[in-house]
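# Descriptive structure summary
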Amino acid sequence: MLVSRLKNPLAGTACVVAAAALIWWLWWVIMGHASSWAMLHLPYGYHLVVEHLAGCIFLLCAGVAYHRWIAPIGLGCVRQRSSVLPAVAVLAVYTIEFGYGKLTGQSPETWVINLLHQPLWQLITVFITILVLAPIGEEILFRGVLLNVFRTTHAWTLWVGVVIISLVFASVHSQYQNLSTLAEMVALSGIFAWARIRSGGLLLPILLHSFASVLGTVFSLI
């Protein structure tokens, strides 16, 4: 557990970093192979749910072992006091980005528009992906496994990690083209990490991630 890292910093840190690197690499490989298989064998539009389902199943399994043997990434406690401010912050980010887009006449994200104009069954799988699978998988990976790499006896290292992970999180979402959307991803990642620290677990970040997906869908359709 992470406690052993504090007693034996060098060995503990090496273990946490190695676990994070391995889980990240395996997640990337599994997602890529699942997407390639779906593109070859299923109608267009199903690859997103297949790749995220594969990634989510892997991260749930890896997360249980990680939580038990490497470092804690529990659910935490979701209370009104700990959840309202991050939720308001998520709403504020989407409102600001939407207002910026309207003021500047910025074109909506093509990827999002295409995603929301799939046939019915593909659209259902899209919503399963963005509301359930992506929030669970990405929060386990980014706000769980990767954020723990920066957790030390010094509080500042954790916040450095929040910044670094936010940039990585935005870069992974390469389907977005607008700079304002990428800035939005950085801000949202920071809020999710803040919620993770504030609540002591991943449940609040997962719920906020799903809430962000709902807001993104609504604002895209306005």
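One can find the structure itself at the top, above this paragraph.
Throughout what follows, the structure given in this document is the object of discussion. (Residues numbered from 1 in each chain as written. Predicted model: local features only at pLDDT ≥ 70, side-chain atom pairs only at ≥ 80, totals over all residues. Heavy atoms only, no water.)

## Details of the overall build of the chain
Helix and strand content of the chain: nine helices and zero strands. Here the C-alpha radius of gyration of the chain, 18 Å, is about what a compact globule of 222 residues would show, namely 17 Å. Each principal axis of the C-alpha distribution contributes one length, and for the chain these read about 55 × 40 × 30 Å. In the chain, the share of contacts with a sequence separation of at least 24, taken over all contacts with a separation of at least 6, comes to 76%. Of the roughly 11,500 Å² of accessible surface on the chain, a fraction of 74% belongs to carbon and sulfur atoms. (Helix = DSSP H or I, 4+ residues; strand = E, 2+ residues; numbered from the N terminus. Rg over C-alpha atoms; globule rule 2.2 N^0.38 Å. Contact = heavy atoms within 4.5 Å. Areas by Shrake-Rupley, 256 points an atom, 1.4 Å probe, with all protein chains shown as cover.)

## Comments concerning the side chain of Thr125
Residue position: Thr125 is located in helix H6 (residues 120-148). Excluding residues that lie within four positions of it along the chain, Thr125 makes contacts with Gly45, Tyr46 and Val49.

## As for helix H9 (residues 203-221)
End to end, H9 covers 28 Å across 19 residues, agreeing with the expected 27 Å (1.5 Å per residue, within 8%). Of all the positions in H9, only Leu204, Pro205, Ile206, Leu208, His209, Ser210, Ala212, Ser213, Leu215, Gly216, Thr217 and Phe219 are classed as buried. (Expected span 1.5 Å × (residues − 1). Buried < 20%, exposed > 50% of the residue type's maximum accessible area, 1.4 Å probe, protein only.)

## Focus: the packing of aromatic side chains
A complete count under the given rule lists nine aromatic pairs for this structure. Measuring from centroid to centroid gives 6.0 Å for Trp24 and Trp28, while their planes differ by 15 degrees, and the two rings are stacked. Residue Trp24 and its partner Trp28 are both found in helix H2 (residues 9-41); the two are separated by four residues, about one turn of the helix. Ring geometry for Phe142 against Phe169: centres 5.2 Å apart, planes inclined by 85 degrees, an arrangement best described as edge-to-face. Pair noted here: Phe142 is in helix H6 and Phe169 is in helix H7 (residues 155-172), with a separation of 27 residues, a long-range link. What makes Phe169 buried here is its relative accessible area of 1%. An aromatic cluster of at least three residues, connected via ring pairs, comprises Trp24, Trp27, Trp28, Phe142 and Phe169. We note Arg143 situated over the ring of Phe169; from NZ or CZ to the ring centre the distance is 4.6 Å. (Phe/Tyr/Trp six-rings, centres within 6.5 Å; stacked < 30°, edge-to-face > 60°. Lys NZ or Arg CZ within 6 Å of the ring centre and 35° of its normal.)

## Looking at the packing of H6 against H9
The N-to-C vectors of H6 and H9 enclose an angle of 140 degrees; their axes lie 8 Å apart at closest approach. Considering their axes alone, H6 and H9 lie oblique with respect to each other. Two packed elements cross with a definite hand, and for H6 against H9 that hand is right-handed. Together, Phe127, Ile130, Leu131, Ala134, Pro135, Ile136, Glu138, Glu139 and Arg143 of H6 and Pro205, Ile206, His209, Ser210, Ser213, Val214 and Thr217 of H9 make up the contact between the two elements. Taken together, the residues of the contact of H6 with H9 break down into nine nonpolar, four polar and three charged. (Axes fitted to C-alpha atoms, helices over the stretch in contact; angles between N-to-C directions. Parallel < 35°, antiparallel > 145°, perpendicular 65-115°, else oblique. Left-handed = near helix turned anticlockwise from the far one by under 90°. Nonpolar A, V, L, I, M, F, W, Y, C, P; charged D, E, K, R; others polar.)

## So, the environment of Trp159
Of note, Trp159 is situated in helix H7. Trp159 sits 139 residues away from Ala20 along the chain, and the two C-alpha atoms are 18 Å apart.

## Considering the nonpolar core
Counting 46 residues, the largest nonpolar core has Ile23, Tyr66, Val90 and Leu188 as its most contacted members. Secondary structure elements with two or more residues in this core: H2, helix H3 (47-69), helix H4 (80-104), H6, H7, helix H8 (179-199) and H9. Apart from residues no more than four positions distant in its own chain, Ile23 is found in contact with Phe58, Leu59, Ala62, Tyr66, Leu141 and Val145. (Core = buried A, V, L, I, M, F, W, Y, C linked by side-chain atoms within 4.5 Å.)

## Some remarks on the environment of Val168
When you line up the elements, Val168 lands in helix H7. In sequence terms Val168 and Met185 are 17 residues apart; their C-alpha atoms lie 9.8 Å from each other. Those residues in contact with Val168, other than ones at most four positions away along the chain, are Trp24 and Phe142.

## Topic: H3
Look at H3: 33 Å from first C-alpha to last across 23 residues, which is about the 33 Å you get at 1.5 Å a residue. Turning to H3, its buried residues are His47, Leu48, Val49, Glu51, His52, Gly55, Cys56, Phe58, Leu59, Ala62, Gly63 and Tyr66.

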